[in-house]
Structure formats: structure tokens, C-alpha cells
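Architecture and fold: a report
Each chain, written out:
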Amino acid sequence: MSGTTTYLELSQDDGSAHKFYEVTVDGTAVSVRYGRIGAGGQLQTSSFPTAEKAQAAAARKIGEKVRKGYAPAVRGQRAARPVTRRQVSSAPSTARSTAPVLWRFRTGSAAFGIHIDEDRCWVGNQAGDVFTVSHGGDVLARFSLPEGVKCLVADDFWIYAGCDDGKVYDLSSKLPFAAYDIAADVDIFWLDIREGVLNVSDADGGLTVIDHEDEYQWARRSAGGQAWMVRADDRGVYHGHQSGVTAYAPDGSGELWHTRTAGGVLFGWQEDDSVYAGTARHVVQRLSKATGAVEATYRCDTAVYSCATSPDGRHVFAGDSASSVYCFDTDGTRLWKLRTGGGSALSMQYHDEKLYMVTTDGSLVCVDASEAAVAAAQQGTVPVARDVKSAAALPTYTPAVSAASVATVSEPPAGGVVVECVGSGGRVRVHVVSEGYDRSWYVQFPRGIREVGARYVVDALHPAQAGFYRVRGEIRRLV
């Protein structure tokens, strides 16, 4: 078997899997390449004491995949998964004053994903990098994911990254992992997640809903394509596309309302009682979640790429295609327009009198949005923006892809929670073994390291209202 390559694919008719697995043996080295069909994938190489042991290890890997449904194939015969890169342009701003930027972090690639919480800022780019940055502008860590990041979403304090490989990665633990694997025929545009239920909007105007165990729940096709908005709460799923915003019942039982917006929807935001749609025809429109009625319109000067609000909805912010950022009061009165100083804002979020934006040049920008800072900026006085740099020894985390890539322990550490992989209905699921937990609940857990009978130790498990547990902290294999 020395010097040989075995190439396998798993491509299911329902689109739930579309991936390859390639094993190459060269003397005492075994290389494994894997990923979605049509992509370069990820590569891992292991060395063994003898060629015989390398051959045996390769045979085991191939056997495991064949038992899971993979079959021999010819590379290139199946089409790659559709992936749309958002095409945007950014013109110079016509605003007379520049926004009071406190700091700027250049990620190195075009970026759309942003999430801001109490502890840190998250930014993801098309190179597959996700960085965490302190509110003061210090880079804390980096996650290196296999494909470009479409968006970042949060479910309580769990953070997920939706990527071009069709996977949604949980970044909340020390070991990031693929929590969802979206059907191969879905060209992902945007995501939202609530209590473990993932909502996916796509290029064709489709909406797909998947539960915490990565199992299909329901899907709908809205009236327009290019669906760049999806937001969800306990009352509905709000789907923004070229023909407006359509609201569906959370269980998929029917359409609640449809509102045609002034232009195709390019971005969406939500508060408790309203959803906000930024459109190609220069406006943000606030819609009632109850009825879909347009409650207010916020007029910009060019197409709106992103929008956000202060927590109480008192102020509405927007970023346009001409490198400007706006602020309006709740009834639609424009309070100010300023230059971003670094391209157009593709996503944004307000937190604690600061507006965080990711721009067309791949930068995460922190703007002082306090009344005093903006008033000073309008008079020409702005702070000198700090150019944030990554540390040379920045901690970098990559997803777990096999049990061999996980640290092992012989005894559970104090306070650790033991979970076990079990076979159920043809799938490998994870149950809690430790006392004090509902053992009928499943655990959202990395698929790449699930093996029937294997036990793992995690730092903590937290219950979700949907009846499953989420992992917090480190994952180690119990041997």
C-alpha cells in the first residue's frame, strides 16, 4: 500500500453531506486530506515507527469512513458546493467630518462577521480567521477555520461562525468544533440561532431551519432571492430578501406576514418588538414584528450595507456603500453623518456608547458614538485612532477533526463532567454520564471525535431550553 492514495466521497441525495476523504501512505507517513467536495480541504500528516504500522493506520481510517457511508470516487467528477462571495463596492464618503475612531484592527482579508459581547469583540473574515479583541483594542486570540467566515452569531454566550464550507463552528470552548453541517445545495448567505435552533438564509431566497442535533426541521422559499437577512425570536423567523421581509411561524407552520420594502434587503437587525431592514434603495425601514407594518424609515444617501440600534431602539445606526456611517433618532430624524475613515461598514453592532463596524478593507473599527465625541468630530476634533497589531505569539485554535487530535486524561479532573458517545438510530449521539444531569438529554458535541463507546471529560455543561446541553471549556478524551 506504500505510495498509494485512496479517495472517498460522501454525497447524499438530500444534500445533508457533500464531502471527501483522501488517505495517502508514503513509507512511514500517512497523510489525510478532507473537506467539502471541490475545495482543497485540510491536511493532516502522521508518522509511524514502521511502514507496516502506517499501512495499518491508514486501513483503519479508510474502514471507519466506509462504515459511515463513504465510497471510492474519482476526484473532480462531482460538482463543488455553491459558494457566493458577497460582491460589494465602496465609494468615498461625501461627509465633511470623520467619525471619532478610537482604534482599528486590520484582519488581513475582507470581513463580514462581527459580534460584540460584554467581554470582547469578535470578527471573522473571508480567509477563515476569527479574532477576539478586547474593548480596549487588544487582540486576545485567533481561531483558524477551514473556509471563509460568512457571519458570526450568538446564542446566549455561545458564539458560532458560519463558513463557506457549509459548517457552523462553535467557538465557545477551548476546542472549536463543527456543530452544524448545512446541506450541500444551500448557498449560505446569513445565519441566526436561538436556543440551539439554526436558521439559514441563502442565495435563492430559501430559509432552512435545523435543530441542535443538526437535523432538518423545515424550509420555506420566500418571494425573492439574495436573502441577506434572517433574524429569529420566540414569535417568528424574519427573512429578508430582494422582495422585502417575510415572517414565518417558529415551527414553520405558516407565513405570518410579508412586507415589500423600499428596495431589496441587504442587512437586518432586530429588537424586542421590531425588525430593521437595510435596503439597496438607501433606507433602513423599521417593521412591526406583530404585523409587518412599516413603523419608521431612516433615509441614507446610498445603498445601506448594515444597520444596528442602541439597546432601547432610541438611536438607529446605518452604514452605506459610500463609506459613511449615520445616526438617526427613533422617529427617523437624521442626527449625523460621518466618514468611516476606512471603507464601507458591512456589519455593525452598538455596545456601551461605542459603534463597532467591520469594513470593506477587512478592518474592525471602534467608533466613540457618545454625544460628546460625535459633537467634537463634527467640529473637526477627533482622536488619533490606534492601529491595533496582533501579538507574534497569539494563541491560535483550530477545530478538532479526529479523536487523535484531542488531549487525553486517565482520570476526570475535579469538577469535570463525563460524557459518552452512544449509537442511536444509526447516528452517534452523546449523553451525560456524570450524576446531577438529565441523562435523556443529548450534548451538542464535535462530530469529528464521536466514536461509539468513547468517553470524554468537559469542564462544564450548560442546559438549553430546547432540552440539550452545551459544552463549556476544554474537551479531553478519557482513556
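Residues numbered from 1 in each chain as written. Predicted model: local features only at pLDDT ≥ 70, side-chain atom pairs only at ≥ 80, totals over all residues. Heavy atoms only, no water.

A word on the environment of Asp 301. The topology assignment puts Asp 301 in the loop between strand 26 (294-299) and strand 27 (304-309). For Asp 301 and Leu 10, which are 291 residues apart along the polypeptide, the C-alpha to C-alpha distance reads 48 Å. Other than its neighbours up to four places away in sequence, Asp 301 contacts His 282, Asp 320, Tyr 326, Arg 334 and Lys 337. At a separation of 2.7 Å, a polar atom in the side chain of Asp 301 contacts the side chain of Lys 337. (Helix = DSSP H or I, 4+ residues; strand = E, 2+ residues; numbered from the N terminus. Contact = heavy atoms within 4.5 Å. Polar contact = N/O pair within 3.5 Å; in protein donor to acceptor, adjacent residues only side chain to side chain.)

Moving on, we come to helix 1 (residues 51-67). The first and last C-alpha atoms of helix 1 sit 24 Å apart over 17 residues, in line with the 24 Å expected at 1.5 Å per residue. Restricting attention to buried positions, one finds in helix 1 the residues Ala 54, Ala 57, Ala 58, Ile 62, Gly 63 and Lys 65. On its buried face, helix 1 sits against strand 1 (4-11), strand 2 (18-26) and strand 3 (29-36). Positive backbone phi, at 110°, marks Gly 69, one or two positions downstream of helix 1. (Expected span 1.5 Å × (residues − 1). Buried < 20%, exposed > 50% of the residue type's maximum accessible area, 1.4 Å probe, protein only.)

Considering all chains together, one arrives at zero disulfides under this definition. Left without a disulfide partner, Cys 307 is nearest to the cysteine sulfur of Cys 300, which lies 9.1 Å away. Looking at Cys 307, the relative accessible area reads 1%, which means it is buried. Lacking any disulfide linkage, Cys 366 is separated from the closest cysteine sulfur, that of Cys 121, by 6.8 Å. For Cys 366, a relative accessible area of 0% gives the class buried. (Disulfide = S-S within 2.5 Å.)

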